[in-house]
Amino acid sequence: TVIMQHEVPALADMEAHMILNPSDSKGVLTKPHGHGDVHRLLYSSGIVHTLQDQGYQWLYFFQDTNALAIKPLPATLGLSALHDLDMNTMAVARKPGDACGALMRLRHHSGHAVVNNVEYSEVQGFLEGRAEEVDADGDSVYAGNTNQFIVKIDSYVKCLEATQGQVPEFVNPKYADETRSSFSTPTRLECMMQDLPLLFTDDKAKVSFVKLDRWISYTPVKNGVKQGSALSERGLPPMTASTGEADLYAANRELLRLSGMQVTDAAPILILRLSMIPGPRVVLAPSFALGVGDVLHKVSGGRMSARSTLMVSGHDIRIEGLDLDGTLIVRAVPGANVHLKNLTVKNRGWVIEPLKEGGRRAPEELRVRGYQLVKYEQRLLDFSKPGTYVVEV
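Along each chain, numbering runs from 1 in the same order as the chain's sequence is written. Local features are withheld for residues below a pLDDT of 70 in this predicted model, meaning they are given only at 70 or higher, and side-chain atom pairs are given and counted only at 80 or more; totals for whole chains, interfaces and linings count all residues. Remark: hydrogens and water are excluded; side-chain values derive from all non-hydrogen atoms of the structure.

Caption draft 1: Examining the sheet that holds strand β27 (residues 379-383) more closely. Taking strand neighbours across the sheet as the criterion, the four strands line up as β16-β19-β22-β27 in an open arrangement whose pairing is parallel. Each edge of the open sheet is held by one strand with a lone partner, namely β16 (281-284) and β27. Each strand of the sheet is rotated relative to its neighbour by a mean of 5°, with strand direction disregarded. The pairing of strand β22 (residues 327-332) with β27 spans five bridges and is parallel. When DSSP finds two or more bridges between a pair of strands, those strands are recorded as paired. Only DSSP runs of H or I covering at least 4 residues are called helices, and only runs of E covering at least 2 are called strands; the numbering of each starts at the N terminus. Between the N-to-C directions of two axes lies an angle of 0 to 180 degrees, each axis being a line fitted to C-alpha atoms and, for a helix, fitted only over the stretch in contact.

Caption draft 2: Spotlight on empty space enclosed by the protein. For cavity detection a 1 Å grid was placed over the protein atoms alone, and a set of points counts as a cavity when a 1.4 Å probe fits there but cannot get out; an open set counts as a pocket when protein lies on both sides within 12 Å along at least five of seven lines, with lining residues being those that have an atom within 4 Å of a point. Grid points are joined across faces, edges and corners, and a volume is the space filled by probe spheres set on the points. For the structure shown, the criterion picks out two cavities of 30 Å³ or more. Computed from the structure, the largest cavity encloses a volume of approximately 80 Å³. Together, Met87, Thr89, Leu103, Val115, Asn116, Asn117, Asn145, Gln194, Pro197, Val207, Ser208 and Phe209 line the largest cavity. Looking at the lining of the largest cavity, its residues break down into six nonpolar, six polar and no charged. One number sums up the size of the second largest cavity: a volume of about 40 Å³. Lining the second largest cavity we find His33, Gly36, Asp37, Arg40, Gly165, Gln166, Val167, Glu169 and Cys191. Note on residue classes: Ala, Val, Leu, Ile, Met, Phe, Trp, Tyr, Cys and Pro are nonpolar, Asp, Glu, Lys and Arg are charged, and everything else, Gly too, is polar. Split by residue class, the lining of the second largest cavity holds two nonpolar, four polar and three charged.

Caption draft 3: Main features of the pattern of salt bridges. Whenever Lys or Arg places a side-chain nitrogen within 4 Å of a carboxyl oxygen from Asp or Glu, that contact is recorded as a salt bridge. By the definition in use, this model includes 17 salt bridges. A salt bridge links lysine 152 to aspartate 86, with the nearest nitrogen and oxygen atoms 3.8 Å apart. Of this pair, lysine 152 sits in strand β9 (residues 144-152) while aspartate 86 sits in the loop between α3 (73-82) and β6 (87-92), and the two are 66 residues apart along the sequence. Burial classes follow relative accessibility: with a 1.4 Å probe on protein chains only, a residue under 20% of its type's maximum area counts as buried, one over 50% as exposed, and anything between as partly exposed. Relative accessible area serves as the criterion here: at 15%, lysine 152 is assigned to the buried category. Classification of aspartate 86 by relative accessible area gives buried; the value is 10%. Of the charged contacts, one joins glutamate 233 and arginine 273 as a salt bridge, the two residues approaching to 2.4 Å between their closest N and O atoms. Placement of glutamate 233 in helix α7 (residues 225-233) and of arginine 273 in the loop between β14 (269-271) and β15 (274-276) is noted, with a sequence separation of 40 residues between them. Taken together, the salt bridges that share partners define one network made up of Arg253, Glu254, Arg257 and Asp265.

Caption draft 4: Summary view of the sheet that holds strand β23 (residues 336-341). Taken in spatial order, the four strands of this open sheet run β17-β20-β23-β28, and their pairing is parallel. Of all strands in the sheet, those with a lone pairing partner are β17 (299-300) and β28 (387-391), marking the two edges. Where β23 lies against β28, five bridges are found, and the strand directions are parallel. Following the sheet pairing, asparagine 337 is matched in β28 by threonine 388.

Caption draft 5: Local environment of the environment of isoleucine 19. Within the element layout of this structure, isoleucine 19 appears in the loop between β1 (7-9) and β2 (20-21). It is 8.7 Å that separates the C-alpha atoms of isoleucine 19 and threonine 30, two residues lying eleven residues apart in sequence. Filtering out sequence-adjacent residues up to four positions away, isoleucine 19 remains in contact with Ala10, Ala12, Val28 and Leu29. Here a residue-residue contact requires only that any non-hydrogen atoms of the pair lie within 4.5 Å.

Caption draft 6: Region of interest: the packing of aromatic side chains. For Phe, Tyr and Trp, rings pair up if their centres lie within 6.5 Å, where Trp contributes its six-membered ring, and each pair is then called stacked (planes under 30 degrees apart), edge-to-face (over 60) or tilted (otherwise). Summed over all chains, the structure comprises five aromatic pairs. Measuring from centroid to centroid gives 4.9 Å for phenylalanine 383 and tyrosine 389, while their planes differ by 50°, and the two rings are tilted. Residue phenylalanine 383 is classed as buried on the basis of its relative accessible area of 9%. Each member of the aromatic cluster is reached from another via a ring pair, and the members are Phe61, Phe149 and Tyr156.

Caption draft 7: Highlighting the side chain of asparagine 252. Take asparagine 252: it is sitting in helix α8 (residues 241-258). Setting aside residues no more than four positions away along its own chain, asparagine 252 makes contact with Lys71, Val282, Val283 and Leu284.

Caption draft 8: Representation of the layout of surface pockets in the model. Its volume calculated, the largest pocket comes out at about 990 Å³. Taken together, the elements giving at least two residues each to the lining of the largest pocket come down to β9, β10 (170-171) and α7. Residue composition of the lining of the largest pocket, grouped by class: twelve nonpolar, 16 polar and eight charged. Estimates place the volume of the second largest pocket at around 390 Å³. Considering the residues around the second largest pocket, the lining is formed by 15 residues, among which Arg214, Thr219, Pro237, Pro238 and Asp247 are closest to the centre. Contributing elements (two or more residues each) for the lining of the second largest pocket: α6 (214-217), α8 and β15. With three residues, α8 is the largest single contributor of residues to the lining of the second largest pocket. Split into classes, the residues belonging to the lining of the second largest pocket amount to nine nonpolar, four polar and two charged.

In structure tokens:
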């Protein structure tokens, strides 16, 4: 189901004057209201009630810029059920100054307290100028918000019925200079979906979070190369297209290691001032493995060289003792039961090559990465018909 989000008028200055749309002199300039509208839309459209009537118990919110969003879902859902949580946010370690919201317990003067996200730009304001306390690893004591959370549908429906899903609004203007008297671009009222805890009217609502390792849960792509390089130089996650892609491969490599496979990492390379490990490149489709448990049940032993690429898609695939030095692609339709048993694959494979001349003539999807993947040779195992297959050669 696709629901349309309407926009709100843009604000030109500190007096909140509206501004005419340059492309339509009869209308005002508008901007998105923020992803907090998702709660109002799920309520007004009736979708959340339909899900409840159909017997669904949990609802998962995530950001589509984070390729790792699905991997920690099974474990987090299990913890939500085990502890009967009304809302459970996936969190990660964050450094002070990291462009990642902080999860804090906010206490009202009435005594009411709630665990909620505080935007990274507002953390110092809440601390009243005090430095963030850090642990032995230099991480803030306030876990980082990933904008991924699970809600119990029954509790969520009660919350929306009491509030119609109207999330508190705020303004986050981009100022033209340090005087903070004018905007560099028009701003608008907006709201955030992670502010849902502020809508819970029951003081006994169980709102919590689970702290996960970044490698398996969080690598958003939201920065260009220039901004990512600046963050990297400060020791903070770059969160660019190239590092997001590399982090996905790295997470899948770790899952293969947990299953007993010997995986050799490639030496780091520097592309557009960003350091990344180019391989091995491992893509495990959701049809093959959603989380850690799927990989542990379907992969055992084997080894993979640093220059390898592995892509697996299909539900009933078992990989035992694979020896890979090159590129292997495995695809299986539903009903195809595939067993790769002590299979050895060696070919020229695929190679990451930096773009020539800075990529000025390359398409945008390559320029934002700074490299291209050159496909020299691969082995394709495509099981397009149901049946039982064993491959040993």
